[in-house]
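One letter stands for each residue in the lines below.
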Amino acid sequence: MKLRKATAAAAAALVLSLTATACGGDDGDGDSGSGSGGGDKIKIGIKYDQPGLGLKEPDGSFSGFDVDVATYVAKELGYEADRIEWVETKSADRENALARGDVKFIAATYSITDERKAKVDFAGPYLLAHQDLLVRADSDIAEGTDLNGKKLCSVTGSTSAQNVKDEIAPDAQLKQNGTYSECIAGLQSGAVDAVTTDDSILAGFAAQEQYKGQFKLAGLKLSNENYGVGVKKGDTETVNKINDALEKMVSDGSWETAVKENFGPANYKNEQAPKIGQIVQ
Ligand code: GLU
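For clarity, every value in this text was computed on a predicted model and none was experimentally measured.

Caption draft 1: Region of interest: the side chain of Ser223. By the secondary structure assignment, Ser223 is in the loop between strand E12 (215-217) and strand E13 (225-232). In this structure the side chain of Ser223 is engaged in a polar contact, spanning 3.2 Å, whose partner is the backbone nitrogen of Gln131. At 2.6 Å, the side chain of Ser223 and the side chain of Glu225 are in polar contact. Discounting chain neighbours no more than four positions away, the residues touching Ser223 are Ala129, His130, Gln131 and Asn163.

Next comes the structure, spelled out in structure tokens:
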């Protein structure tokens, strides 16, 4: 009798947990991943439209350097790849997504800045990129100063757009979209004269089959972009675990492998792996 009772309770618990899983495991308490064990999932924020970094493929799978970094980190936190739930976090949404607990962490070309550090915590950095310009292959634009009066596209909530307004080209006609793919479409159609963001991102777009030969990178290092893994403000335990994972990823060679696989096709010459906690100003 006792045994049957226990079995019934276990079965009920199983049904409950299956129901929770079917609903994506989101019980509405803002908990986006709570350690190893069980069948729970971890929610991770990435970009969906940046080739070589964070891209949702037509078959629904995900590729890119950020995806590989996030997958490695998740494993170190106790989550195999099949327990990752990817969430799109556009540039302007990242701080809010972390504050709300929509995701446990974000690996989405997310530069560490003092302004952002007031709202979120960062592990890393795990990559150093630089702001650059992408223009049409026949364009005369070669420097930041050539942009004044020109139509320039970047993304809302990015350091790239902020740097344009602050110093790179305050007199450019800056159009801000929600994603970089929208800017690239504008560059192809002639709606804008240049797109600006990190060279890592621009190189990925330029190498895509449908754009081959149409665009060129100016090759300017207009800023230092130290990519960090964003975590909810105050979650020091997760920051420390992610820093350990990133160090391990570099020391066991997985970082280099991910760099080659993801940046090789775009011929993007990345910087060496940064040291944890060392921000290049
Ligand atoms: N890394 C820059 C940033 O965090 C530009 C790329 C992006 O918008 O994700 O804002």
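And the narrative resumes.
Caption draft 2: Main features of the site of the ligand. The local shell around the ligand holds 17 residues, among which Lys47, Ser91, Thr109, Tyr180 and Asp198 are the closest. Contacts to the ligand include Ser111, whose side-chain N or O atom sits 2.8 Å from a nitrogen atom. Within the side chain of Tyr180, a nitrogen or oxygen atom sits 2.6 Å from an oxygen atom of the ligand. In isolation the ligand offers 280 Å² of accessible surface; the protein chains occlude 100% of this area. The site holding the ligand turns out to be the largest cavity. Those elements giving two or more residues to the shell around the ligand turn out to be helix H5 (159-168), strand E11 (194-198) and E13. When the residues that make up the shell around the ligand are grouped by side-chain class, the tally is five nonpolar, seven polar and five charged.

Rules behind the numbers
- Residue indices follow the written sequence of each chain, beginning from 1 at its first position.
- Totals for whole chains, interfaces and linings use all residues, but because this is a predicted model, local features are given only for residues with pLDDT of at least 70 and pairs of side-chain atoms are given and counted only at 80 or more.
- Processing note: side-chain calculations cover all non-hydrogen atoms of the structure and skip hydrogens and water entirely.
- The secondary structure listing takes helices from DSSP runs of H or I that are at least 4 residues long and strands from runs of E that are at least 2 residues long, numbered from the N terminus.
- Here a polar contact is taken to be a pair of N or O atoms separated by no more than 3.5 Å, where protein atoms must pair a possible hydrogen donor with a possible acceptor and residues adjacent in sequence count only if both atoms sit in side chains.
- Contacts were defined at the residue level, with two residues in contact if any of their heavy atoms lie within 4.5 Å.
- Residues are labelled near a given molecule or strand when at least one of their non-hydrogen atoms is within 4 Å of it.
- Method for areas: the Shrake-Rupley scheme with a 1.4 Å probe, in which residue coverage is limited to the protein chains shown.
- Buriedness for pockets is judged along seven lines, at least five of which must meet protein on both sides within 12 Å for an open set on the 1 Å grid over protein atoms alone, while cavities are sets there where a 1.4 Å probe fits but cannot get out, and lining residues have an atom within 4 Å of a point.
- Molecules are considered to sit inside a cavity or pocket once more than half of their atoms lie within 2 Å of its grid points.
- Only Asp, Glu, Lys and Arg are considered charged, only Ala, Val, Leu, Ile, Met, Phe, Trp, Tyr, Cys and Pro nonpolar, and every remaining residue, Gly among them, polar.

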